[in-house]
Amino acid sequence: MDRHGVIKKVALLTLGRFPKALTLARALKTSGWRVIVADPFKWHLCRASNAVAKSIVVTPPTEDADAFINDLLTIIDQENISLVLPISEESHYVSALTQRVAGDVLVMGPDEDTYRELHHKLRFIERAEKLALPVPETYMLGSVRATRLATLRETIIKPTGGCSGVGVRRHAVSDRPIVATGDGDIVQAAVQGQLMSSFSILVHGNLVSTAVYEGAVFSGSVAICFRRVQDTSAIEEWIGRFTSELSYTGFIAFDFIVDKSGVPWAIECNPRLTSGVHFLEPRALGRWLSDREDTATIAQLDGVYQWAYSTLTEAYSQLFKGQAREFIRHLKQLFSAKDVVFSWRDPLPFLLMTPLSWPILWPAIREGISLGEASQRDIAPHWHRE
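Residues numbered from 1 in each chain as written. Predicted model: local features only at pLDDT ≥ 70, side-chain atom pairs only at ≥ 80, totals over all residues. Heavy atoms only, no water.

> Any chance you could explain the packing of helix α4 (residues 112–119) against helix α5 (residues 121–130) here in plain terms?
When two helices pack together, their arrangement is captured by the angle between the axes and the distance separating the axes. For the pair α4 and α5, interaxial distance at closest approach is 5 Å and the crossing angle is 90 degrees. The angle between α4 and α5 falls in the class roughly perpendicular. Of the residues in α5, those touching α4 at R116, E117, L118 and H119 are K121, R123, F124 and R127. Among the residues making up the contact of α4 with α5, the classes are represented as two nonpolar, one polar and five charged. (Axes fitted to C-alpha atoms, helices over the stretch in contact; angles between N-to-C directions. Helix = DSSP H or I, 4+ residues; strand = E, 2+ residues; numbered from the N terminus. Parallel < 35°, antiparallel > 145°, perpendicular 65-115°, else oblique. Contact = heavy atoms within 4.5 Å. Nonpolar A, V, L, I, M, F, W, Y, C, P; charged D, E, K, R; others polar.)

> When you look at the pairing of strand β1 (residues 10–13) in this model, what are you seeing that I'm missing?
Each regular strand displays side chains that alternate between the two surfaces of the sheet. Side chains V10 and L12 project from β1 onto one buried face, and the interleaved A11 and L13 project onto a second face that is buried too. As defined by bridge partners, β1 adjoins strand β2 (residues 34–39) across four bridges and the pair is classed as parallel. Considered in β2, the bridge of V10 is made with R34. Tracing the backbone out of β1, into helix α1 (residues 19–30) and back to the parallel element β2 gives a crossover that is right-handed. (Buried < 20%, exposed > 50% of the residue type's maximum accessible area, 1.4 Å probe, protein only. Pairing = 2+ DSSP bridges. Right-handed = clockwise from strand over helix to strand, strands pointing away.)

> In this structure, what is going on with the confidence of the model for the chain? I would like to understand it.
One rule of thumb: low pLDDT means the predicted coordinates there are not for detailed reading. Here the chain shows a mean pLDDT of 87. Residues at 70 or above account for 87%. Predicted confidence is poor over residues 1–6, with pLDDT under 50, and the contacts of this stretch with residues over four places away or in other chains come to four contacts. (pLDDT = per-residue confidence, 0-100.)

> Honestly, the side chain of E268 in this entry has me stumped. Any pointers?
Positionally, E268 belongs in strand β14 (residues 264–270). Discounting residues that sit within four places of it in the chain, E268 has contacts with K121, F124, K158, A253, F254 and D255.

> Where do I start with the pattern of salt bridges in this structure?
Note that side chains of opposite charge can pair when their charged atoms are close. Scanning the model with the defined rule gives 14 salt bridges in all. With a shortest N-O distance of 2.7 Å, K54 and E79 are connected by a salt bridge. Here E79 lies in the loop between α2 (65–78) and β4 (83–85) and K54 lies in strand β3 (residues 54–57), a separation of 25 residues in the sequence. E79 sits in the buried class, given a relative accessible area of 12%. K158 is paired through a salt bridge with E268; the nearest N and O atoms lie 3.1 Å apart. Taken together, the residues span a long stretch of sequence, with K158 in strand β7 (residues 155–159) and E268 in strand β14 at a distance of 110 residues. (Salt bridge = Lys/Arg side-chain N within 4 Å of Asp/Glu carboxyl O.)

Structure (structure tokens):
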């Protein structure tokens, strides 16, 4: 609030490299917010957007978490921030701000302890089990139960704090012992069915809006082209029962496998922003961000949305592999789905996509790593440097 008693609408996005951050920035602009973006990258997708007033380089949290938090606190103080919006895996660190900012500053999302419990692949499953919600059997790798499970059925091996599908493996039914890729892997029973994702907004734990969608084109395990799913009552009931135990205001997302009988089995939770935000009507989202006590349902968008550059990249990847049918399918999606980056009112992020994405593209090319790893390893706790 300024000296005239007027609430200052200045928001801080704690990352700017992903399309979901751009969507959030544009939504905020529709309601008159001044948007500041913090990112370890000097060049990122939001930097060229006319919805963003300023971009500030901060310390990568995986290199120095304390310095990263102090950088954010400095920005909050100097720019008179009233709303902090975590974007991706840096949320793991940003959640610590909830105990360190003034009372007139809202850090959107759960506190640090709640975030870490929900994000942790095993603790999330255990929490859902206590609520009698359907989740696959999941145990820590190396435990007696995990070893027995792997001899009875196909399993999925993944890090407890992993992201972007890095470190995820399938393990066929076998007496052969599972080899750990690092500390903290879990063993999870593989569920056969359709992968679906959800994105919800909470106000003090109460559901305001939920969008359920499925991937049409994937880059590794990450959906880069996605479509809304309409018949989602079973998933929404699952989410409602789980979130009834929560109390924070912010975002929460789940990944489900829906089996052939229609039962949704939750496999992961992301207590933060995800690509599901693209299905929310921007002006309605902007109004809610201005009045976060509003519990009216936020209007949603139908259709198919994509990251067009990534869809095109995947199409050519299929062509080079000799998968002509998949190449054609990807091209059809490319020309039929709406791109989440392009906007006539804000064209530069789309036109400058390649140079703005160079901090991600170059390490992926040079080191032969996935785009997911290149985009996350300086912000995700899975790659934290001790």
